[in-house]
Amino acid sequence: MSRMPALFLSHGAPPLVDDERWVAQLQQLTAGLPRPRAILMASAHWESAPLMLGATETVPLVYDFGGFERRFYETTYTAPGAPELAARIEKLMPDSERVARTNRGLDHGAYVPLTVMYPEADIPVLQMSLPTLEPDRLLELGRRLAPLRDEGVLIVGSGFTTHGLPFLRDWRPDAAAPGWSREFDAWAAETLARGAVDELADFRDRAPGMPFAHPTIEHFAPMFLTLGAADDPERAPDQPIEGFWMGLSKRSFQVT
């Protein structure tokens, strides 16, 4: 069984699937991956403590958005559940990290990229909550989950490299990126390339473009789960997806 990498994906709202460049980039990234035995998704749109594990039998979708075309509420993704993966995660957690179960389905942070990556929906999927938004705790959680990579599990943290929705003035998909989004994206790219995890973790105080790039931090937080699952979080990750959509950074990366 091939050892899987771990990914941080900028997932976007459902209409991001109409962005031909993003779709092509994500398909190219996926084509270079070993086929997963199962997929573990951690999305910015599910914060819950204790650590929660989603549906493991049938896996419904959560249409957790509003104001889009009707077709986005008719999307289906009938992936099989991953009960064995859920049980394995429970065993990997220390006594101090309580784990609970729920029948919650996949939110758009989980299923939107999956519809592009694995459109056949034939790989078992499990979504877990983010039990914290603190980088250090998420790095440790990623370290706990890292053994799953040797078991064929693709670990995906799904957020958005910039997410300053309240400060957007042009809502067109091809809108020019505001200065705060460009500056934060450039800083993130350079800091990732240097493997400066401590600086990334201190993004609220160090990064240009704050707090506009992340007035709330849930879309940057999944990055630290992915970095924690790396063999060496300070090794520069591959950054195969870049660019902007609605002025927000789509930067995504892969760790080994």
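Whatever comes next refers back to the structure up there.
Owing to the predicted nature of the structure, the values given are computational and were not obtained by experimental measurement.

Q: Go over the packing of aromatic side chains, please, and point to the residues and values.
A: Overall, the coordinates contain 13 aromatic pairs when judged by the stated rule. Each ring, one from tyrosine 63 and one from phenylalanine 65, has its centre 6.3 Å from the other, and the planes form 90°; the classification is edge-to-face. Take tyrosine 63: its relative accessible area is 33%, and that puts it in the partly exposed class. Between tyrosine 63 and tyrosine 111, the ring centres sit 6.3 Å apart and the planes meet at 75°, which makes this aromatic pair edge-to-face. Highlighted residues: tyrosine 63 in the loop between strand E3 (51–53) and helix H2 (83–92) and tyrosine 111 in helix H3 (residues 108–117), separated in sequence by 48 residues. On the accessibility criterion, tyrosine 111 (2% relative accessible area) is buried. Members of the aromatic cluster, each reached through a chain of ring pairs, are Tyr63, Phe65, Phe68, Phe72, Tyr73 and Tyr111.

Q: Describe in detail helix H5 (residues 179–193), supporting the description with residues and values.
A: With 15 residues, H5 should cover 21 Å at 1.5 Å per step; its first-to-last C-alpha distance of 21 Å lies within 8% of that length. Among all positions in H5, only Trp180, Ser181, Phe184, Asp185, Trp187, Ala188, Ala189, Thr191 and Leu192 are buried. Where H5 terminates, the next one or two residues include glycine 195, which has phi positive at roughly 65°.

Q: If you had to explain the pairing of strand E2 (residues 38–47) to someone new, which residues and values would you point to?
A: Where burial is concerned, most of E2 is hidden: eight out of the ten residues are buried. Bridge count for E2 against strand E6 (residues 153–159) is six bridges, and the pairing is parallel. Note that in E6 the partner of isoleucine 39 across the bridge is leucine 154.

Q: Can you explain a negative patch on the surface? Please cite residues and give values.
A: Taken together, Asp136, Asp198, Asp232 and Glu234 make up a surface patch of like negative charges. Counting through the fold element by element, aspartate 136 comes out in helix H4 (residues 135–145). Look at aspartate 136 and you get exposed, because its relative accessible area is 57%.

Q: Lay out the nonpolar core with the relevant residues and their values.
A: With 85 residues, the main nonpolar core has Ile89 and Leu145 as its most contacted residues. Per element, the largest residue contribution to this core is six residues, and it comes from H3. Leaving out residues up to four positions away in the same chain, isoleucine 89 has contacts with Leu40, Leu51, Leu53, Leu126, Leu145 and Leu148.

Q: Could you give an account of the pattern of salt bridges, naming the residues involved and the relevant values?
A: Under the defined criterion, the tally for this structure stands at 20 salt bridges. Here aspartate 150 ties to arginine 3 by a salt bridge, and the two come within 2.5 Å at their closest N and O atoms. Linking aspartate 150 in the loop between H4 and E6 with arginine 3 in the segment before strand E1 (6–10), this pair joins segments that are 147 residues apart in sequence. For arginine 3, a relative accessible area of 34% corresponds to the partly exposed category. Arginine 88 is the salt-bridge partner of glutamate 151, the closest N and O atoms lying 2.7 Å from each other. Taken together, the residues glutamate 151 in the loop between H4 and E6 and arginine 88 in helix H2 connect sequence positions 63 residues apart.

Conventions we followed
Residues numbered from 1 in each chain as written. Predicted model: local features only at pLDDT ≥ 70, side-chain atom pairs only at ≥ 80, totals over all residues. Heavy atoms only, no water. Phe/Tyr/Trp six-rings, centres within 6.5 Å; stacked < 30°, edge-to-face > 60°. Buried < 20%, exposed > 50% of the residue type's maximum accessible area, 1.4 Å probe, protein only. Helix = DSSP H or I, 4+ residues; strand = E, 2+ residues; numbered from the N terminus. Expected span 1.5 Å × (residues − 1). Pairing = 2+ DSSP bridges. Patch = residues over 30% accessible without salt bridge, like charges linked within 9 Å, V, L, I, M, F, W, Y side chains within 5 Å. Areas by Shrake-Rupley, 256 points an atom, 1.4 Å probe, with all protein chains shown as cover. Salt bridge = Lys/Arg side-chain N within 4 Å of Asp/Glu carboxyl O. Lys, Arg positive; Asp, Glu negative; His and termini not counted. Charge placed at Lys NZ, Arg CZ, Asp CG, Glu CD. Core = buried A, V, L, I, M, F, W, Y, C linked by side-chain atoms within 4.5 Å. Contact = heavy atoms within 4.5 Å.

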